[in-house]
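Geometric and topological summary
Take a look at the letters that make up each chain.
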Amino acid sequence: MEKIRTFVSNAKDGGLYPPMFVTEGLSSEPRVVVEGREVISFASANYLGLANDARVKKAVIDGIERYGLHPCGSRCVSGSLDVHRELEQRTARHKGLDDALLFPTGMMANMGAIPAIVDMPLRGVSALLRRGPDRRENVVFSDELNHASIIDGYSLSRAQIVTYRHNDMDDLAEKMEQYRDYRGLIVTDGVFSMDGDIARLPEIVALARRHETMVMVDDAHASGVLGEQGQGTLEHFGMHDGVDVNMGTYSKAFGISGGFVAGEQSLIDYLRVAARTYMFSGATFGSLALGAMTALEIARSEPARRHRLWALSKRLRDGLAAQGLDVLGKGETPIVPVLVGEEETAQCISHDLFEAGFFAPCIMYPAVQKRRSRIRFSVTSLHSERMVDGLVDAMSYICKRRGVLLAA
Ligand SMILES: Cc1ncc(COP(=O)(O)O)c(C=O)c1O
């Protein structure tokens with residue numbers, strides 16, 4: 001315990017311990033009451049506003065009536081609910097793929113799918129129950145900015161891990177050449193959660209084809225958001241194939257919890273018997289699966305939400321950049337981070353914003369590199385143009401006072 005006490009007090013004394021905000025309900029998003037004060041939140045991944053949609057809420061309530069609370073067992077033991085299978089099939093159809101597998105969360109999808117794929121036994125199903133193949137046979141190529149759930153996923157595998165510089169295709173190509181005799185998986189976020197930029201998927205797929213390597217994309221922040229139909233990063237680039245493992249979550253744009261992996265039938269059949277977070281954890285709540293089905297349908301059939309999201313995200317990004325601020329992730333995503341640098345300054349700016357009526361987290365080490373602290377704004381279709389413009393004005397005023405504007 002002594003070590004833990006020292007760790008916590010050092011983090012707190014060093015200003016590295018994140019503040020914990022208490023929010024009173026979220027039903028009035030983007031206006032929320034945080035620590036007793038009403039503010040406009042730019043902190044939520046409720047990109048399409050579905051977390052409070054009356055139809056989605058009703059589906060969840062109906063689902064509770066129909067399925068009770070929790071299935072109280074793993075699907076391998078207690079069986080699947082009809083709604084689990086229906087959601088899997090609809091998710092796969094939405095992605096234009098054969099089938100999908102549900103996980104209780106996106107984190108669990110990555111932690112289950114990645115080691116299962118990477119350590120796939122070469123000697124038949126019985127080997128699944130023993131240790132997998134020799135460590136030297138497998139390699140994971142991972143973008144250095146990949147989400148923690150990916151890192152935790154491959155850390156559970158016995159593969160060699162090779163990290164390449166963020167979105168740097170020359171670095172990836174060079175490293176793939178070094179490991180040309182290995183069985184490889186390239187894994188990348190589709191939209192990077194802390195920088196808000198998009199993976200260079202066409203180039204990644206081209207490299208993978210050259211080296212006969214598998215590709216996995218974590219589309220947590222792209223599902224429902226990118227592409228005319230909201231299918232994600234592939235649709236954004238007008239690609240139809242080349243990605244073997246399509247991971248996503250319902251916990252962002254769809255406003256519900258639950259992760260999934262979609263792909264060709266054999267992959268899904270394999271994961272059903274190899275992904276430990278699927279096999280050895282209680283099944284997704286039936287009510288949430290019903291809610292996710294409704295949210296998916298709305299996200300698909302109401303593209304105006306997406307168009308609005310894109311327009312507002314661009315308005316915020318352009319507005320902040322016009323003030324001379326260092327906006328990361330030039331692109332079309334609703335994650336708009338402003339690089340500040342020093343941890344203390346970022347915390348002060350986040351605090352000043354709160355005083356000005358805006359809630360936006362300051363992201364610091366260890367979520368990002370030291371001295372790369374940032375204020376991360378998440379835009380949703382629920383924001384108004386006035387809210388976005390008000391935020392730009394507040395940021396400009398606060399940052400000028402704190403001396404973080406770039407030279408004009
Ligand atoms: C890129 C990425 N992958 C996976 C996850 C995990 O998803 P979930 O919240 O469903 O566990 C997140 C959540 O923050 C994420 O940003």
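Residues numbered from 1 in each chain as written. Predicted model: local features only at pLDDT ≥ 70, side-chain atom pairs only at ≥ 80, totals over all residues. Heavy atoms only, no water.

1. Comments concerning the sheet that holds strand 1 (residues 31-34)
One open sheet holds the three strands; their spatial order is 1-2-11, and the pairing between them is mixed. The open sheet has two free edges, formed respectively by strand 1 and strand 11 (358-359), since each of these has just one partner strand. Pairing of strand 2 (residues 37-41) with strand 11 involves two bridges; the strand directions are parallel. Across the sheet, I40 pairs through a bridge with F358, a residue of strand 11. (Pairing = 2+ DSSP bridges. Helix = DSSP H or I, 4+ residues; strand = E, 2+ residues; numbered from the N terminus.)

2. A short note on the packing of helix 2 (residues 54-67) against helix 12 (residues 286-301)
As a packed pair, helix 2 and helix 12 sit with axes 7 Å apart at the nearest point and diverge in direction by 150°. When the interaxial angle is binned, helix 2 and helix 12 end up roughly antiparallel. Classified by chirality, the crossing of helix 12 by helix 2 is right-handed. Residues R55, V56, A59, V60, D62, G63, I64 and Y67 of helix 2 form the contact with helix 12, whose participating residues are G286, S287, L288, L290, G291, T294, A295 and I298. Of the residues that constitute the contact of helix 2 with helix 12, the class distribution is nine nonpolar, five polar and two charged. (Axes fitted to C-alpha atoms, helices over the stretch in contact; angles between N-to-C directions. Parallel < 35°, antiparallel > 145°, perpendicular 65-115°, else oblique. Left-handed = near helix turned anticlockwise from the far one by under 90°. Contact = heavy atoms within 4.5 Å. Nonpolar A, V, L, I, M, F, W, Y, C, P; charged D, E, K, R; others polar.)

3. Some remarks on a nonpolar patch on the surface
Taken together, the side chains of I64, L69 and F285 present a nonpolar region at the surface, about 270 Å² in accessible area. Along the chain, I64 falls in helix 2. Residue classification places I64 among the partly exposed residues on the basis of a relative accessible area of 36%. (Patch = residues over 30% accessible without salt bridge, like charges linked within 9 Å, V, L, I, M, F, W, Y side chains within 5 Å. Areas by Shrake-Rupley, 256 points an atom, 1.4 Å probe, with all protein chains shown as cover. Salt bridge = Lys/Arg side-chain N within 4 Å of Asp/Glu carboxyl O. Buried < 20%, exposed > 50% of the residue type's maximum accessible area, 1.4 Å probe, protein only.)

4. Quick look at helix 13 (residues 303-322)
For helix 13, built from 20 residues, the straight-helix expectation of 28 Å at 1.5 Å per residue is met to within 8% by its first-to-last C-alpha distance of 28 Å. For helix 13, the secondary structure elements touched by its buried residues are helix 2, helix 12, strand 10 (335-341), strand 13 (373-378) and helix 15 (385-402). Looking one or two residues past helix 13, G324 carries a phi angle of roughly 90°, positive in sign. (Expected span 1.5 Å × (residues − 1).)

5. Topic: the domain arrangement of the chain
Segmenting the chain into domains produces domain 1 (11-41 + 303-402) and domain 2 (54-301). Between domain 1 and domain 2, the C-alpha centre-to-centre distance is 28 Å. Taken together, the contact pairs 19 residues of domain 1 with 21 residues of domain 2. Buried surface at the junction of domain 1 and domain 2, summed over both partners, amounts to about 1,500 Å²; 53% is from carbon and sulfur atoms. Considering only the surface of domain 1 that becomes buried against domain 2, R306, T333 and I335 emerge as the three largest contributors, covering 33% of it. (Domains from an automatic or database assignment. Buried area = accessible area lost by both parts, 1.4 Å probe.)

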